[in-house]
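# Chain and residue survey
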There are 2 protein chains.
Amino acid sequence: MKQSKLFPRARKEAPKDEVSKNAQLLIRAGFIDKLMAGVYTYLPLGLRTLKKIENVIRDEMTKAGGQELLMPSLHPKENWQITGRWDSLDDLFKFTSFYSETELALGPTHEEVISPLVKKFNLSYKDLPLGLFQFQNKFRDEKRAKSGILRGREFLMKDYYSFHTSEEDLDKYYENMKTHYENIFARCGIGNVTHLTFASGGSFSKYSHEYQAITEAGEDIIYVCPKCSVALNREIADDNGKACPECGNKNLEEKKSVEVGNIFKLKDKYSSPFNLKFTNDKGEDKPMIMGCYGIGLGRLMGAITEILSDENGMRWPAEVAPFKAHVLEIGKTNDDVKKAAEELSVKFEAAGIDTLHDDRDDVRAGEKFAEADLIGLPYRIVVSDKTLSSGGVELKLRNETAGKIIKTNEILNEIQKL
Amino acid sequence: MKQSKLFPRARKEAPKDEVSKNAQLLIRAGFIDKLMAGVYTYLPLGLRTLKKIENVIRDEMTKAGGQELLMPSLHPKENWQITGRWDSLDDLFKFTSFYSETELALGPTHEEVISPLVKKFNLSYKDLPLGLFQFQNKFRDEKRAKSGILRGREFLMKDYYSFHTSEEDLDKYYENMKTHYENIFARCGIGNVTHLTFASGGSFSKYSHEYQAITEAGEDIIYVCPKCSVALNREIADDNGKACPECGNKNLEEKKSVEVGNIFKLKDKYSSPFNLKFTNDKGEDKPMIMGCYGIGLGRLMGAITEILSDENGMRWPAEVAPFKAHVLEIGKTNDDVKKAAEELSVKFEAAGIDTLHDDRDDVRAGEKFAEADLIGLPYRIVVSDKTLSSGGVELKLRNETAGKIIKTNEILNEIQKL
């Protein structure tokens, strides 16, 4: 894509009302725009990033055996009364339909929809385990919406629900899901700072598990075991004598972190109120056992921004970058430079390498370099009179400080090896 | 994908509370499920179809020059007061945030968000024309939610907004957009029954244009000119003396139809209230001229269902079918049949042909054929002892009544030619 056409141009100044680093960087670089507290528009660069993250998650959830569906945001009051959460969830958006005079909620999660949905199909043990997931906007009437896209009132979430004949089967499924969650965070470039964290299991399970990514921007406190790499959420640390739940080690490191995912053994908590059962091999109805597995996509994108950025801007891992390559025309642009840059961009795109081509004539070189660092695409390719007379183009990785000249006819090959 | 794993199985009975053909077929075939009036879940087959339709639209909108973004569903009251639509739109869902005590609306359309968004970037004539679009859920407190997914209270919509220096530039852009709209309906298989229809332009334009698809399920009445193939909406027919707006022909045919898209010259209707301007080549601020272009994806999917179905079920065009090929194991299944069917499915998928493989052992042949017709994938491939001993497999197109035997090693080639 030609950068001269990209909407919008980067902004020189960070917005004054944004205190979080992720929102400042993402707004300056033209990834997002704030409509109101906790409610953001994803601009073209930001939406491309969000979709890349979505594709990574979709790929792993499909490999875990999940089938994708899409449930509504508008929920009937009755479903939320059945679980008691109409009254107990204090961040539920509720309102009345003018025409039908029914009360509705905006879904902050979907157990109240998926349990009665699955019930309709009278599943037998032969249909289980079953995994269903979606990417759907969630809504929460959030009082602490001050962390950019880390904590929103409206946010895109992947929620996955699994259905089982027994707790043993759930346990097996749950362990396999951990592997896919680890893959997701690794592919998003934050695997090395993201810890499986033991957290409160509520009234029906000893633990739930969170994936906590270490960052100063986080609102959570965790205690990390350096031996096992697992962590303990502060909320249950005292109950556990501040010891590693896996090895008993008491020398844990306190860290600030943000929850980028969570997985939960629901057991029959949401199947029981809806009388969701399955038929076993003897023809008897038995309670369905459930698990759920969430990831907030905006929060994950915000966490990547916080964790991987440096003083010059963002640093996107190749798999979730809005574009992989950034081709910059630099210097007093002339026909040779323009032609070479254009040919490279076309060649990259044809080879499946998304490319942003900074073809702007009215922007100084220094500004182009600064914007390229701010946007943070992994591979920067400079085309100028100087590089051409040195026999090629300059390739610099966003994670490195020095570039090197590569022959023009070898650059594609070089990038494909990265 | 193996049909034995697909959620859910098809239902034998149409739901009693659904009066529309589209909802009956889509629910029976397991494409959608109704949560409440006008609010539906897209199940895996339905979501695949919706995504295919989305991809066709995205492709055409990108070719029209549009850049994709994603605006929020939660809107602040202030933006809707500025245009006066907080009070005038009677199907706007409104509610109060408990924590912030602010009033919010759920977006039924996005002029109130995109106009102030674009204003933030102080565009000049060099940045124009600009096209921005999104796929986003819309919400309307709809009293007539009785037509399945043709008319929802929550529905996925593509809305596209264009920004111009002049009405002349808008006119040019608008004409080009018509071509892309025609391409979309043609690619969705309803091009031949979809008519560009002149409708009311409101208080600020002589006409707007709708794309009306002829079907008995429609709630609109249009008058089609057999010469020009354009139509006139009943709402303005009398004002136009029931004559074709293009050729003056008065022998128009009255038809029932459903609006599957609309395009509108907004001019300065939504830029003016927000004081949205651009800088011209003399450095002067001038009012921005706007156009908007909508397509409801659920409604389009419902219209395709209504129009292309026959007494046995749906008939999806290849480009938007949830899967292209349906491989059926038929008869007393044995290892040879299973192996041949499995190999074909793998081969098709590897060649980029999405395939549903009916591998179920506990379903009779008659039921498999009936379900295949109901689901309506374009290419049905039967593998049985009989076809194998006849030297291959049977290929039958959903649009044809008779199948023919094709050699197993030629079937992929045959399908790729279709």
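Residues numbered from 1 in each chain as written. Chains lettered and ligands numbered in written order. Predicted model: local features only at pLDDT ≥ 70, side-chain atom pairs only at ≥ 80, totals over all residues.

Turning our eyes to something else, we now look at the overall build of chain A. Each helix and strand in chain A was counted, giving 12 helices and 21 strands. Here the C-alpha atoms of chain A give a radius of gyration of 24 Å, agreeing with the 22 Å that 2.2 N^0.38 yields for 418 residues. Dimensions of chain A, computed from C-alpha atoms along their principal axes, come out at roughly 80 × 60 × 45 Å. Across chain A, contacts joining residues at least 24 apart in sequence account for 67% of those joining residues at least 6 apart. (Helix = DSSP H or I, 4+ residues; strand = E, 2+ residues; numbered from the N terminus. Rg over C-alpha atoms; globule rule 2.2 N^0.38 Å. Contact = placed C-beta atoms within 7 Å.)

This part takes up the domain arrangement of chain A. By the assigned domains, chain A splits into domain 1 (8-308) and domain 2 (325-417). Taken over C-alpha atoms, the centre of domain 1 of chain A sits 39 Å from the centre of domain 2 of chain A. (Domains from an automatic or database assignment.)

Turning to the sheet that holds strand β17 (residues 325-329) of chain B, a few remarks are in order. Residues and elements named next belong to chain B. Strands sit in the order β18-β17-β19-β20-β21 across an open sheet of five strands; the sheet is mixed. Whereas interior strands pair on both sides, the edge strands pair on one side only; in this sheet they are β18 (355-358) and β21 (404-407). Put simply, the sheet's adjacent strands are angled 25° from each other on average, direction ignored. In this sheet, strand β20 (residues 392-397) lies alongside strand β19 (residues 379-383) in antiparallel orientation, the contact comprising four bridges. The partner of Ile381 across the bridge, within β20, is Leu395. Lying over the sheet, helix α9 (residues 335-350) contacts β17, β18, β19 and β20, oriented at roughly 170° with respect to β17. (Pairing = 2+ DSSP bridges. Axes fitted to C-alpha atoms, helices over the stretch in contact; angles between N-to-C directions.)

Another point: the sheet that holds strand β4 (residues 74-76) of chain B. Residue and element names in this part refer to chain B. Reading across the sheet, the three strands line up as β4-β6-β5 and stay open at both edges, with antiparallel pairing between neighbours. Both outer strands of the open sheet, β4 and β5 (93-96), are each paired with one neighbouring strand and no more. Averaged over all pairs of adjacent strands, the angle between their axes in this sheet comes to 35°, without regard to strand direction. Two strands pair when backbone bridges link them, and β5 and strand β6 (residues 103-106) are joined in this way by four bridges, in the antiparallel orientation. Each bridged residue has a counterpart across the sheet, and for Phe95 the counterpart in β6 is Leu104.

Residue and element names in this part refer to chain A. Across the interface, helix α1 (residues 21-28) lies against helix α8 (residues 297-308) with an axial gap of 9 Å and an inter-helix angle of 95°. Overall, the two elements α1 and α8 adopt an arrangement that is roughly perpendicular. Packed against α1, whose contacting residues are Lys21, Asn22, Leu25 and Leu26, the element α8 presents Gly302, Thr305 and Glu306 at the interface. Here the contact of α1 with α8 is composed, by residue class, of two nonpolar, three polar and two charged. (Parallel < 35°, antiparallel > 145°, perpendicular 65-115°, else oblique. Nonpolar A, V, L, I, M, F, W, Y, C, P; charged D, E, K, R; others polar.)

What follows deals with the relation of the copies chain A and chain B. Superposing chain A onto chain B takes a rotation of 180° plus a shift of 0.0 Å along the axis, which leaves an RMSD of 0.0 Å. Between the two chains, the operation in question is that of a two-fold axis. By C-alpha distance to the rotation axis, the residue of chain A lying nearest is A:Phe95, at 2.9 Å. Both copies present the same face, since 100% of the interface residues in chain A are matched by interface residues at the equivalent positions in chain B. (Least-squares fit on C-alpha atoms with pLDDT ≥ 70 in both.)

Our next topic: α1(A). All names here are of chain A. Counted residue by residue, α1 has six buried out of eight residues, so it is predominantly covered. Turning to α1, its buried residues are Asn22, Ala23, Leu25, Leu26, Ile27 and Arg28. Positive phi appears at Gly30, one or two residues downstream of α1, with a value of about 80°. (Buried ≥ 20, exposed ≤ 12 C-beta atoms within 10 Å, placed from the backbone.)

Attention shifts here to the interface of chain A and chain B. In many analyses, interface size is given as the accessible surface area lost on bringing the parts together. Each side of the interface is counted separately: chain A has 39 residues, and chain B has 39 residues. When contributions to the side of chain A that touches chain B are tallied by element, the ones reaching two or more residues are β1 (32-36), β2 (39-42), α2 (44-63), β3 (67-68), β4 (74-76), β5 (93-96), α5 (111-119) and β7 (130-139) of chain A. Here the side of chain A that touches chain B is built from residues that sort into 26 nonpolar, five polar and eight charged.

Moving on to the environment of A:Tyr223. All names here are of chain A. Here Tyr223 lies in strand β11 (residues 220-224). The class of Tyr223 is buried, set by 23 C-beta atoms lying within 10 Å. For the pair formed by Tyr223 and Lys250, sequence separation is 27 residues and the distance between their alpha carbons is 9.7 Å. Setting aside its immediate chain neighbours within four residues, Tyr223 contacts Ala231, Leu232, Ala237, Lys242, Leu252, Glu253 and Glu254.

Right, let's talk about the environment of A:Asn262 for a bit. Tracing the backbone shows A:Asn262 in strand β13 (residues 253-267). When near neighbours in sequence (up to four residues on either side) are disregarded, A:Asn262 contacts A:Ser208, A:His209, A:Glu210, A:Tyr211 and A:Gly294.

Turning next to the packing of helix α2 (residues 44-63) of chain B against helix α8 (residues 297-308) of chain B. Residue and element names in this part refer to chain B. Two elements in contact, α2 and α8, have axes whose closest approach is 10 Å; the angle formed by their N-to-C orientations is 110°. Judged on the interaxial angle alone, α8 and α2 are roughly perpendicular. Residues Thr49, Leu50, Ile53 and Glu54 of α2 touch α8, and the partners they reach there are Leu297, Leu300 and Met301. Residue classes in the contact of α2 with α8 are distributed as five nonpolar, one polar and one charged.

Of all hydrophobic cores here, the largest spans 217 residues; its most connected members are A:Ile381, A:Val383, B:Ile381 and B:Val383. The contact partners of A:Val383, leaving out residues within four places of it in the chain, are A:Val327, A:Leu328, A:Glu329, A:Ile330, A:Val337, A:Ala340, A:Ala341, A:Leu344, A:Leu388 and A:Val393. If you look at the next biggest cluster of nonpolar residues, it comprises 10 residues, including A:Phe198, A:Val224, A:Ala231 and A:Cys244. (Core = buried A, V, L, I, M, F, W, Y, C linked by C-beta atoms within 7 Å.)

So, about the pairing of β19(B). All names here are of chain B. The buried count for β19 comes to five of five residues, which makes it a mostly enclosed element. Here β19 shows a buried face lined by Tyr379, Ile381 and Val383 and a second buried face lined by Arg380 and Val382. Inspection of the sheet shows β17 paired to β19 by five bridges, in the parallel sense. In the sheet register, Leu328 faces β19, and the bridge partner there is Val382.

Residue and element names in this part refer to chain A. Inspection of the sheet shows strand β20 (residues 392-397) paired to strand β21 (residues 404-407) by four bridges, in the antiparallel sense. The residue bridging Gly392 from the neighbouring strand is Lys407, located in β21. In this antiparallel pair of consecutive strands, β20 and β21, the connection spans six residues.

A few words now on helix α9 (residues 335-350) of chain A. In an α-helix, one turn spans 3.6 residues; hence positions three or four apart end up facing the same way. Residues and elements named next belong to chain A. For α9, built from 16 residues, the straight-helix expectation of 22 Å at 1.5 Å per residue is met to within 8% by its first-to-last C-alpha distance of 22 Å. Within α9, burial applies to Val337, Ala341, Leu344, Ser345 and Phe348. Take α9 and look down its axis: the buried residues cluster within an arc of 100°, on one side only. In α9, the exposed positions angled more than 90 degrees off the buried face are occupied by Asp335, Lys339, Val346 and Ala350. (Expected span 1.5 Å × (residues − 1). Arc of directions from axis to C-beta.)

Here the amide bond leading from A:Phe7 into A:Pro8 is cis, since omega sits at -10°, within 30 degrees of zero. Examined against the element boundaries, A:Pro8 turns out to sit in the segment before α1. Here the residue pair B:Leu128 and B:Pro129 is connected by a cis peptide bond, since its omega of 0° sits within 30 degrees of zero. Structurally, B:Pro129 can be placed in the loop between α5 (111-119) and β7 (130-139). Phi at A:Asn122 is positive, roughly 45°, even though this residue is not glycine. By secondary structure assignment, the location of A:Asn122 is in the loop between α5 and β7. A:Asn122 gets classed as partly exposed once you count the C-beta atoms within 10 Å, which come to 13.

A separate point is the environment of B:Leu170. Residue and element names in this part refer to chain B. Along the chain, Leu170 turns up in helix α6 (residues 167-187). Residue class for Leu170 comes out buried when judged on the 20 C-beta atoms lying within 10 Å of it. Residues Leu170 and Gly291 lie 121 residues apart in sequence; the distance between their C-alpha atoms is 6.8 Å. Leaving out residues up to four positions away in the same chain, Leu170 has contacts with Ser162, His164, Lys265, Ile289 and Gly291.

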